[in-house]
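Summary of the model geometry
Okay, here's what each chain looks like letter by letter:
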Amino acid sequence: MDHEERDTRAVFRAQLHAQRVWDVPLPAFDPAGAPGEPLPLFHRWFAEAVAAGQTEPHTMTLATVDEQGCPDARIVMLHDADERGWHFATHATSAKGRQLTARPEASLVFYWAAQGRQIRVRGQVTAASPEESRADLAARSTGALAAALTGRQSEVLPSVEALAHASRGAWERARSEPDASVPSWTRYAVEPREVEFFQGDERRRHVRLRYRRPTGGAWERELLWP
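Heads up: these notes are all about the structure in this document. (Residues numbered from 1 in each chain as written. Predicted model: local features only at pLDDT ≥ 70, side-chain atom pairs only at ≥ 80, totals over all residues. Heavy atoms only, no water.)

1. Quick word on the overall build of the protein
The condition is simple: Helical segments are the DSSP runs of H or I of at least four residues, strand segments are the runs of E of at least two, and each set is numbered from the N terminus. Throughout, exposure labels follow a simple rule: accessible area from a 1.4 Å probe, protein chains only, divided by the maximum for the residue type, with under 20% read as buried, over 50% as exposed, and the rest as partly exposed. Per-residue and other accessible areas follow the Shrake-Rupley method at a 1.4 Å probe size, with only the shown protein chains counted as cover for residues.
Across its full length, the protein carries 6 helices and 9 strands. By its C-alpha atoms, the protein is 60 × 55 × 40 Å across when sized along the principal axes. Within the protein, the fraction of its 226 residues that count as buried is 36%. Surface accessibility of the protein: about 13700 Å² in total, with carbon and sulfur atoms responsible for 52%.

The following block contains the structure:
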(Lines give C-alpha, C1' and ligand atoms only; values in the text may rest on other atoms or scores of the structure.)
Protein backbone atom coordinates (compact mmCIF):
# COMPACT_ATOMS: atom_id res chain seq x y z
CA MET A 1 0.00 0.00 0.00
CA ASP A 2 1.51 3.34 -1.05
CA HIS A 3 1.39 6.61 0.88
CA GLU A 4 -1.49 8.06 -1.16
CA GLU A 5 -3.66 5.00 -0.61
CA ARG A 6 -2.95 5.07 3.15
CA ASP A 7 -3.99 8.73 3.26
CA THR A 8 -7.19 7.98 1.33
CA ARG A 9 -8.10 5.20 3.74
CA ALA A 10 -7.35 7.39 6.73
CA VAL A 11 -9.61 10.13 5.39
CA PHE A 12 -12.35 7.59 4.72
CA ARG A 13 -12.18 6.17 8.25
CA ALA A 14 -12.15 9.62 9.80
CA GLN A 15 -15.22 10.60 7.80
CA LEU A 16 -16.93 7.30 8.57
CA HIS A 17 -16.37 7.54 12.32
CA ALA A 18 -17.51 11.16 12.37
CA GLN A 19 -20.98 10.26 11.13
CA ARG A 20 -23.84 10.31 13.60
CA VAL A 21 -27.24 8.66 13.53
CA TRP A 22 -30.49 10.38 14.45
CA ASP A 23 -29.23 13.75 15.64
CA VAL A 24 -32.81 15.05 15.49
CA PRO A 25 -35.69 14.27 17.85
CA LEU A 26 -37.41 11.06 16.85
CA PRO A 27 -41.13 10.29 17.10
CA ALA A 28 -42.38 8.02 19.83
CA PHE A 29 -44.04 4.75 18.87
CA ASP A 30 -46.33 2.90 21.27
CA PRO A 31 -46.87 -0.59 19.81
CA ALA A 32 -49.85 -1.10 22.12
CA GLY A 33 -51.80 1.33 19.94
CA ALA A 34 -50.81 -0.29 16.63
CA PRO A 35 -53.58 -1.73 14.44
CA GLY A 36 -54.23 -5.46 14.20
CA GLU A 37 -52.84 -5.64 10.65
CA PRO A 38 -49.67 -4.12 9.16
CA LEU A 39 -51.09 -2.35 6.09
CA PRO A 40 -52.86 0.52 7.93
CA LEU A 41 -49.72 1.17 9.96
CA PHE A 42 -47.61 1.22 6.80
CA HIS A 43 -49.96 3.75 5.21
CA ARG A 44 -49.77 5.92 8.33
CA TRP A 45 -45.99 5.76 8.58
CA PHE A 46 -45.65 6.52 4.88
CA ALA A 47 -47.79 9.64 5.22
CA GLU A 48 -45.71 10.72 8.22
CA ALA A 49 -42.47 10.15 6.28
CA VAL A 50 -43.76 12.37 3.47
CA ALA A 51 -44.79 15.05 5.98
CA ALA A 52 -41.34 14.87 7.60
CA GLY A 53 -39.66 15.60 4.28
CA GLN A 54 -38.11 12.19 3.79
CA THR A 55 -36.38 12.02 0.41
CA GLU A 56 -37.93 9.44 -1.93
CA PRO A 57 -39.97 7.57 0.68
CA HIS A 58 -41.41 5.43 -2.12
CA THR A 59 -38.08 3.73 -2.83
CA MET A 60 -37.17 0.43 -1.19
CA THR A 61 -34.57 -2.31 -1.24
CA LEU A 62 -35.73 -5.48 -2.99
CA ALA A 63 -33.79 -8.61 -2.07
CA THR A 64 -34.02 -11.84 -4.05
CA VAL A 65 -31.95 -15.01 -4.38
CA ASP A 66 -29.97 -15.94 -7.51
CA GLU A 67 -29.45 -19.34 -9.09
CA GLN A 68 -26.48 -20.06 -6.80
CA GLY A 69 -28.58 -19.34 -3.72
CA CYS A 70 -26.76 -16.05 -3.06
CA PRO A 71 -28.72 -12.96 -1.97
CA ASP A 72 -29.07 -10.12 -4.45
CA ALA A 73 -30.44 -6.66 -3.66
CA ARG A 74 -31.23 -3.39 -5.39
CA ILE A 75 -33.37 -0.26 -4.97
CA VAL A 76 -36.75 -0.21 -6.72
CA MET A 77 -39.85 1.96 -6.58
CA LEU A 78 -43.04 1.13 -4.72
CA HIS A 79 -46.05 1.22 -7.03
CA ASP A 80 -48.78 0.44 -4.49
CA ALA A 81 -49.48 -1.21 -1.15
CA ASP A 82 -52.88 -2.82 -0.77
CA GLU A 83 -54.59 -6.00 0.39
CA ARG A 84 -52.66 -8.02 -2.19
CA GLY A 85 -49.28 -6.84 -0.99
CA TRP A 86 -46.47 -4.38 -1.77
CA HIS A 87 -46.20 -3.76 -5.52
CA PHE A 88 -43.27 -3.01 -7.81
CA ALA A 89 -42.50 -3.60 -11.49
CA THR A 90 -39.59 -4.62 -13.67
CA HIS A 91 -38.78 -6.62 -16.79
CA ALA A 92 -39.47 -10.32 -16.36
CA THR A 93 -36.30 -10.87 -18.39
CA SER A 94 -34.09 -8.85 -16.01
CA ALA A 95 -31.89 -10.49 -13.39
CA LYS A 96 -34.43 -9.92 -10.64
CA GLY A 97 -37.28 -11.01 -12.91
CA ARG A 98 -35.53 -14.30 -13.68
CA GLN A 99 -34.71 -14.81 -10.03
CA LEU A 100 -38.35 -14.29 -9.04
CA THR A 101 -39.48 -16.76 -11.69
CA ALA A 102 -37.13 -19.41 -10.31
CA ARG A 103 -37.83 -18.62 -6.64
CA PRO A 104 -40.83 -16.34 -6.03
CA GLU A 105 -39.82 -15.12 -2.58
CA ALA A 106 -38.53 -11.66 -1.70
CA SER A 107 -37.77 -9.22 1.08
CA LEU A 108 -38.36 -5.46 1.02
CA VAL A 109 -36.78 -2.81 3.24
CA PHE A 110 -37.85 0.82 3.59
CA TYR A 111 -35.53 3.18 5.48
CA TRP A 112 -36.81 6.61 6.44
CA ALA A 113 -33.92 8.34 8.19
CA ALA A 114 -35.90 11.54 8.79
CA GLN A 115 -37.79 9.68 11.51
CA GLY A 116 -35.41 6.86 12.35
CA ARG A 117 -37.78 4.27 10.92
CA GLN A 118 -37.47 1.19 8.82
CA ILE A 119 -39.99 -1.36 7.64
CA ARG A 120 -39.19 -4.91 6.54
CA VAL A 121 -41.56 -7.02 4.45
CA ARG A 122 -41.03 -10.71 3.64
CA GLY A 123 -43.25 -12.98 1.59
CA GLN A 124 -44.18 -14.74 -1.60
CA VAL A 125 -44.13 -12.85 -4.89
CA THR A 126 -46.83 -13.13 -7.54
CA ALA A 127 -46.82 -11.65 -11.04
CA ALA A 128 -49.77 -9.58 -12.20
CA SER A 129 -51.66 -10.28 -15.40
CA PRO A 130 -50.33 -8.89 -18.70
CA GLU A 131 -53.26 -6.46 -18.71
CA GLU A 132 -52.43 -5.06 -15.28
CA SER A 133 -48.74 -4.89 -16.15
CA ARG A 134 -49.52 -2.89 -19.31
CA ALA A 135 -51.73 -0.54 -17.30
CA ASP A 136 -48.92 -0.11 -14.75
CA LEU A 137 -46.49 1.07 -17.42
CA ALA A 138 -49.11 3.23 -19.16
CA ALA A 139 -49.70 5.13 -15.90
CA ARG A 140 -46.04 6.13 -15.61
CA SER A 141 -44.11 8.98 -17.20
CA THR A 142 -42.73 9.26 -20.72
CA GLY A 143 -39.26 8.82 -19.24
CA ALA A 144 -40.30 5.57 -17.54
CA LEU A 145 -41.64 4.23 -20.83
CA ALA A 146 -38.46 5.30 -22.62
CA ALA A 147 -36.37 3.49 -20.01
CA ALA A 148 -38.50 0.35 -20.42
CA LEU A 149 -38.00 0.53 -24.20
CA THR A 150 -34.27 1.25 -24.09
CA GLY A 151 -32.72 -2.21 -23.97
CA ARG A 152 -32.32 -5.62 -22.41
CA GLN A 153 -32.06 -4.84 -18.71
CA SER A 154 -29.18 -6.51 -16.83
CA GLU A 155 -27.47 -7.77 -19.99
CA VAL A 156 -23.89 -6.75 -20.78
CA LEU A 157 -23.66 -3.28 -22.39
CA PRO A 158 -20.98 -3.04 -25.10
CA SER A 159 -20.39 0.72 -24.69
CA VAL A 160 -21.87 3.96 -23.36
CA GLU A 161 -22.34 5.00 -26.98
CA ALA A 162 -24.62 2.01 -27.53
CA LEU A 163 -26.71 3.10 -24.55
CA ALA A 164 -26.95 6.68 -25.85
CA HIS A 165 -28.06 5.47 -29.28
CA ALA A 166 -30.69 3.09 -27.86
CA SER A 167 -31.92 5.75 -25.44
CA ARG A 168 -32.44 8.32 -28.20
CA GLY A 169 -34.53 5.85 -30.17
CA ALA A 170 -36.49 4.84 -27.09
CA TRP A 171 -37.34 8.45 -26.23
CA GLU A 172 -38.50 9.14 -29.78
CA ARG A 173 -40.75 6.10 -29.72
CA ALA A 174 -42.09 6.87 -26.22
CA ARG A 175 -43.11 10.36 -27.36
CA SER A 176 -44.71 9.20 -30.59
CA GLU A 177 -46.27 6.00 -29.15
CA PRO A 178 -47.28 6.68 -25.53
CA ASP A 179 -49.13 3.35 -25.50
CA ALA A 180 -46.18 1.36 -26.88
CA SER A 181 -46.14 -2.25 -25.70
CA VAL A 182 -43.28 -3.68 -23.66
CA PRO A 183 -44.16 -7.39 -23.30
CA SER A 184 -41.49 -8.10 -20.69
CA TRP A 185 -42.71 -5.36 -18.33
CA THR A 186 -44.29 -7.08 -15.34
CA ARG A 187 -45.90 -5.86 -12.17
CA TYR A 188 -45.26 -7.94 -9.05
CA ALA A 189 -46.71 -8.02 -5.56
CA VAL A 190 -45.02 -9.25 -2.40
CA GLU A 191 -47.74 -10.93 -0.35
CA PRO A 192 -46.49 -10.41 3.21
CA ARG A 193 -45.81 -13.27 5.56
CA GLU A 194 -43.93 -11.02 7.98
CA VAL A 195 -43.84 -7.23 8.36
CA GLU A 196 -41.62 -5.55 10.93
CA PHE A 197 -41.83 -1.91 12.00
CA PHE A 198 -38.67 -0.47 13.58
CA GLN A 199 -38.69 2.85 15.42
CA GLY A 200 -35.27 4.15 16.35
CA ASP A 201 -34.61 5.74 19.74
CA GLU A 202 -31.82 8.18 20.66
CA ARG A 203 -31.03 6.10 23.76
CA ARG A 204 -30.96 2.92 21.64
CA ARG A 205 -34.13 1.55 23.16
CA HIS A 206 -35.49 0.86 19.70
CA VAL A 207 -39.03 -0.42 19.31
CA ARG A 208 -39.48 -3.39 17.00
CA LEU A 209 -42.98 -4.63 16.28
CA ARG A 210 -43.33 -7.70 14.07
CA TYR A 211 -46.51 -8.92 12.44
CA ARG A 212 -46.59 -12.57 11.40
CA ARG A 213 -49.31 -14.44 9.58
CA PRO A 214 -49.32 -18.24 9.56
CA THR A 215 -50.60 -19.82 6.37
CA GLY A 216 -54.35 -19.38 6.31
CA GLY A 217 -54.33 -17.70 9.72
CA ALA A 218 -54.83 -14.25 11.19
CA TRP A 219 -52.10 -11.71 11.87
CA GLU A 220 -50.17 -12.11 15.13
CA ARG A 221 -48.08 -9.37 16.74
CA GLU A 222 -44.93 -9.62 18.84
CA LEU A 223 -42.19 -7.34 20.12
CA LEU A 224 -38.53 -8.03 19.37
CA TRP A 225 -35.43 -7.11 21.32
CA PRO A 226 -33.52 -4.33 19.52
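Still more to cover.
2. Some remarks on the pairing of strand β8 (residues 207-212)
Basically, it comes down to this: Two strands pair under a simple rule: DSSP has to find at least two bridges between them.
Burial of β8 is extensive: 5 of the 6 residues sit out of reach of the surface. Pairing of strand β7 (residues 185-199) with β8 involves 6 bridges; the strand directions are antiparallel. Directly across from Glu194, in β8, lies its bridge partner Arg212. Pairing between β8 and strand β9 (residues 220-224): 5 bridges, direction antiparallel. For Arg210, the partnering residue across the bridge sits in β9 and is Glu222.

3. Some words on the pattern of salt bridges
Spelled out, the test is: Each salt bridge in this description consists of a side-chain nitrogen of Lys or Arg and a carboxyl oxygen of Asp or Glu lying within 4 Å of one another.
This structure, assessed with the given rule, holds 18 salt bridges. In this structure, Glu222 and Arg210 form a salt bridge, with 2.7 Å as the shortest nitrogen-oxygen distance. Of this pair, Glu222 sits in strand β9 while Arg210 sits in strand β8, placing them 12 residues apart in sequence. Several salt bridges converge on common partners, so that one network encompasses Asp80, Asp82, Arg84, Glu132, Asp136 and Arg187.

4. Considering the layout of surface pockets
For clarity, the cut-off: As defined here, a cavity is a set of points on a 1 Å grid over the protein atoms alone where a 1.4 Å probe fits but cannot get out. A pocket is an open set with protein on both sides within 12 Å along at least five of seven lines, and residues line them when an atom is within 4 Å of a point. Grid points are joined across faces, edges and corners, and a volume is the space filled by probe spheres set on the points. Basically, the charged four are Asp, Glu, Lys and Arg, the nonpolar ten are Ala, Val, Leu, Ile, Met, Phe, Trp, Tyr, Cys and Pro, and anything else, Gly included, counts as polar.
Roughly 580 Å³ of internal volume is contained in the largest pocket. Along its surface, the largest pocket is lined by 26 residues, and His91, Ala147, Thr150, Gly151 and Gln153 are the ones closest to its centre. Those elements giving two or more residues to the lining of the largest pocket turn out to be β2 (71-77), β4 (85-91), α5 (142-150) and α6 (160-176). Of the residues assigned to the lining of the largest pocket, the class counts are 14 nonpolar, 7 polar and 5 charged.

5. Re the side chain of Asp82
The cut-off we apply is this: In protein, a polar contact means a hydrogen-donor-capable atom and an acceptor-capable atom, both N or O and within 3.5 Å, with residues adjacent in sequence counting only if both atoms are side-chain atoms; elsewhere, any N or O pair within 3.5 Å suffices. Contacts were defined at the residue level, with two residues in contact if any of their heavy atoms lie within 4.5 Å.
Within the secondary structure layout, Asp82 lies in strand β3 (residues 80-82). A distance of 2.8 Å separates polar atoms of two side chains, one belonging to Asp82 and the other to His87. Ignoring any residue separated from it by four or fewer positions in sequence, one finds Asp82 in contact with Leu39 and His87.

6. Regarding the side chain of Asp201
Residue placement: Asp201 occurs in the loop between β7 and β8. In terms of polar contacts, Asp201 uses its side chain to reach the backbone amide nitrogen of Arg203, at 2.8 Å. Discounting residues that sit within four places of it in the chain, Asp201 has contacts with Trp22, Leu26 and His206.

7. Notes on the nonpolar core
Where we set the bar: For our purposes a nonpolar core is just a set of buried Ala, Val, Leu, Ile, Met, Phe, Trp, Tyr and Cys residues, chained together by side-chain atoms within 4.5 Å.
Counting 30 residues, the largest nonpolar core has Leu41, Phe42, Trp86, Phe88, Phe110, Ile119 and Phe197 as the members making the most contacts within it. Elements supplying a minimum of two residues to this core: α2 (38-51), β1 (59-65), β4, β5 (105-112), β6 (117-127), β7 and β8. Tallying contributions element by element places α2 first for this core, with 5 residues. Not counting residues up to four positions away in its chain, the partners in contact with Phe110 are Phe42, Pro57, Thr59, Met60, Leu78, Trp86, Arg117, Gln118 and Ile119. Of all hydrophobic cores here, the second largest spans 11 residues; its members include Ala146, Leu149, Ala174 and Val182.

8. Some thoughts on helix α1 (residues 3-18)
Put simply, the rule reads: How far a helix is expected to stretch is found by multiplying one less than its residue total by 1.5 Å.
Here α1 spans 23 Å end to end across 16 residues, near enough to the 22 Å set by a 1.5 Å rise per residue. N-capping of α1 is provided by Asp2, with a side-chain oxygen placed 3.3 Å from the backbone N of Glu4.

9. Points about the packing of aromatic side chains
Spelled out, the test is: Pairing of aromatic side chains requires ring centres within 6.5 Å, counting the rings of Phe and Tyr and the six-membered ring of Trp. Pairs whose planes differ by under 30 degrees are stacked, by over 60 edge-to-face, and all others tilted. By the criterion adopted, a ring carries a charge over it if an Arg CZ or a Lys NZ lies within 6 Å of its centre and within 35 degrees of its normal.
A full pass over the atoms with the stated rule returns 11 aromatic pairs. By way of ring pairs, the aromatic residues Phe29, Trp45, Phe197, Tyr211 and Trp219 are connected into one cluster. The residue whose ring lies beneath Arg117 is Trp45, and the NZ or CZ to ring-centre distance is 4.0 Å.

10. Quick notes on the pairing of β5
Residues in a regular strand project their side chains so that they alternate between the two faces of the sheet. Across 3 bridges, β1 lies against β5 in antiparallel orientation. What sits directly across from Ala63, in β5, is Ser107. Examined bridge by bridge, β5 and β6 share 8 bridges and lie antiparallel to one another. By the bridge assignment for β6, Val109 is matched with Arg120. Linkage of β5 to β6, two consecutive antiparallel strands, is achieved through a turn of 4 residues, within which Gly116 is found at a positive phi near 65°.

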